[in-house]
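# Architecture and fold: a report
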Amino acid sequence: MLGLGCWAAVGAFQAKSNLEQARVSAQDAKEALLEGNTEAASQSADDALVRAEAARDATHSLAWNIIAGVPWLGSPFKTGQQVTDVVLGLAADVLRPAADVGVAISPERLYQDGRVDVDLLRNQEPQLRELSTNATRLNGDAAAISDPRYVSLMSDARTELQGQISGITSVIENAALAARLVPSMMGVDGPRTYFMGFQTNAEARGTGGLLGGYGILRFDNGVPTVDTLAPNTDLADALTAVDLGLEYDQQYGYAQPFTDFRNSNLSPHFPYAAQIWKGMFAEQTGVEVDGVIVIDPVALSYILGAVGPVTMPDGEVVSRDNVVELTESTAYSRFPTDQVARKQYLQDIANAVVTKMTGSVRSPRQLMDALGKAVGERRIAVWSAVPEEQELLEGTSLAHVLPGDAAPYAAVVINNLGGNKLDYYLRTEIEYAADECNGETRSSTVNVKLTNTVPNEPLPDYVAGAVGLAPELLIEVPKGTNITSVRLFATQGAELSSVILNGERVPAIVNTERGHPVFEAQVIIPPGQSADVSFQMSEPTAPGKPRAPSQPLVETVVPKVMVPECMG
């Protein structure tokens, strides 16, 4: 037994050393691929493969196999074998072949001189698809590695590997998806035209913010161009005959979303707004666009951080540090009554930023990172009028769709009811909690805290008034008061027990959208005050990872989720 233990200990030392080196080389290979350095990627992948093979040999010796088979005592040894198997698979089935074919996942290779290399992406789609399949399989294997129980060192190794595999898998999967989607959407088979909307989240809407302006983004064989942007008022008389179903009409029909662009995106399900905007633009111009893209000022700030500031004709410099404040606050103070001048100012800024990002940029990777951050915060959304493309998009975080599955879900959606720009000063906190997975249902609660931080200083009526309130409501509120609709899109099958507003029970408006119950409370928040809204429910103990997607407001909201994941 002593000899067996010593033999296993020697193997453990060898495995640990080789495993650490393999993981370092694997990370180096990933970075080299992203930088387009296939020679360095090949060298690092080779080293990762050699080290991984050595680590696997050390953990599959006779002594190690014997101890791994002992119940409980052998748990960390079994974990060690699984870890080395996954690392070897990563090196052999993903990194090595990726380096061999020089896979096009490097932004520097894909985006040069203002053109996306759509031909390269399409040509490498088969290899990327195979690599994605292998990476996804290994990611699943890594997630299934057993608990090493009493050896914390092995537990740390497992956690580090799972994080690394997940990161590499994400890069490969995104590249494979891009190879399937990007060439066609960027015009490799013929020119494409997209309605590009700019959302002003100083006035919150379901998809983020009010449609503040728009332009036409064109792609021809990977080359983007942008037509001069237009103000939202160009759609003032537009209408569309889109049929989004009875449930949509019951919940949003009062706001006339098909004829009033200001209320066209009350729903957080982005394809609804996209179809309305597509229809409105076609009715006004006769042009049928191939899809819709939206972006907000916070995303523009990330882009400016990557491509550098822009200088306006009057010499004003717009940068990542001031673009949000300029477009969502300063513009309203600078042009308190001249709406035409203000809209033109905002158009000029948006046009300058988009023109710069679609031209030659100093670091395509920094631009891709900036866009990735914006996508991760749900500040960019994309819809395609081509059904096959839209189906692929809905598997990504770009689609902004209400999911069709029954897993735990809590999406808090704010819509401004005052017709003002006070959401620039609104601070939001969200918490989603549920009981353990005992029985068919469990109690759950979604708490929302909204704080009105409007400054105690004169603001234009357009910013701080309440022109959106219907006169027949006979409601008078102090200037700077935020009037807000708070909707909760809950887990399928959830039933509302009560809504508590600032400690008192209040009635809720109940609807259904795409299989999700929707509970709505309307709140009035005077300057400097907060509103605490608590939705108390009974929801099914459905399997699946709980989700609480954030609405892209001025400040990034990260909901706190305390919901145990139930097994099927």
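The chain appears in an unreviewed UniProt entry as Methyl-accepting chemotaxis protein from Mycolicibacterium hippocampi.

## Structural notes on the confidence of the model for the chain
On average, the chain scores 88 in pLDDT, and the residues at 70 or more come to 92%. Here residues 4-10 is a poorly scored stretch, pLDDT under 50, and it has 10 contacts once near neighbours within four places are set aside; other chains count.

## Some details on unusual backbone geometry
Even without being a glycine, Asp113 presents a positive backbone phi close to 50°. What makes Asp113 exposed here is its relative accessible area of 70%. Phi at Arg514 is positive, roughly 50°, even though this residue is not glycine. Within the fold, Arg514 resides in the loop between β17 (509-513) and β18 (516-525).

## Considering the state of the cysteines
With the rule as written, the count across this model stands at 1 disulfide. In this model, Cys437 is linked to Cys566 through a disulfide, with the two sulfur atoms separated by 2.1 Å. Every disulfide takes its handedness from the sign of the S-S torsion; for Cys437 and Cys566 that torsion is -90°, giving left-handed. With a gap of 129 residues between them, Cys437 in the loop between β12 (426-434) and β13 (441-452) and Cys566 in the segment after β20 (560-562) connect regions that are remote in the sequence. On the accessibility criterion, Cys437 (30% relative accessible area) is partly exposed.

Definitions and limits used
- Residues numbered from 1 in each chain as written.
- Predicted model: local features only at pLDDT ≥ 70, side-chain atom pairs only at ≥ 80, totals over all residues.
- Heavy atoms only, no water.
- pLDDT = per-residue confidence, 0-100.
- Contact = heavy atoms within 4.5 Å.
- Buried < 20%, exposed > 50% of the residue type's maximum accessible area, 1.4 Å probe, protein only.
- Helix = DSSP H or I, 4+ residues; strand = E, 2+ residues; numbered from the N terminus.
- Disulfide = S-S within 2.5 Å.

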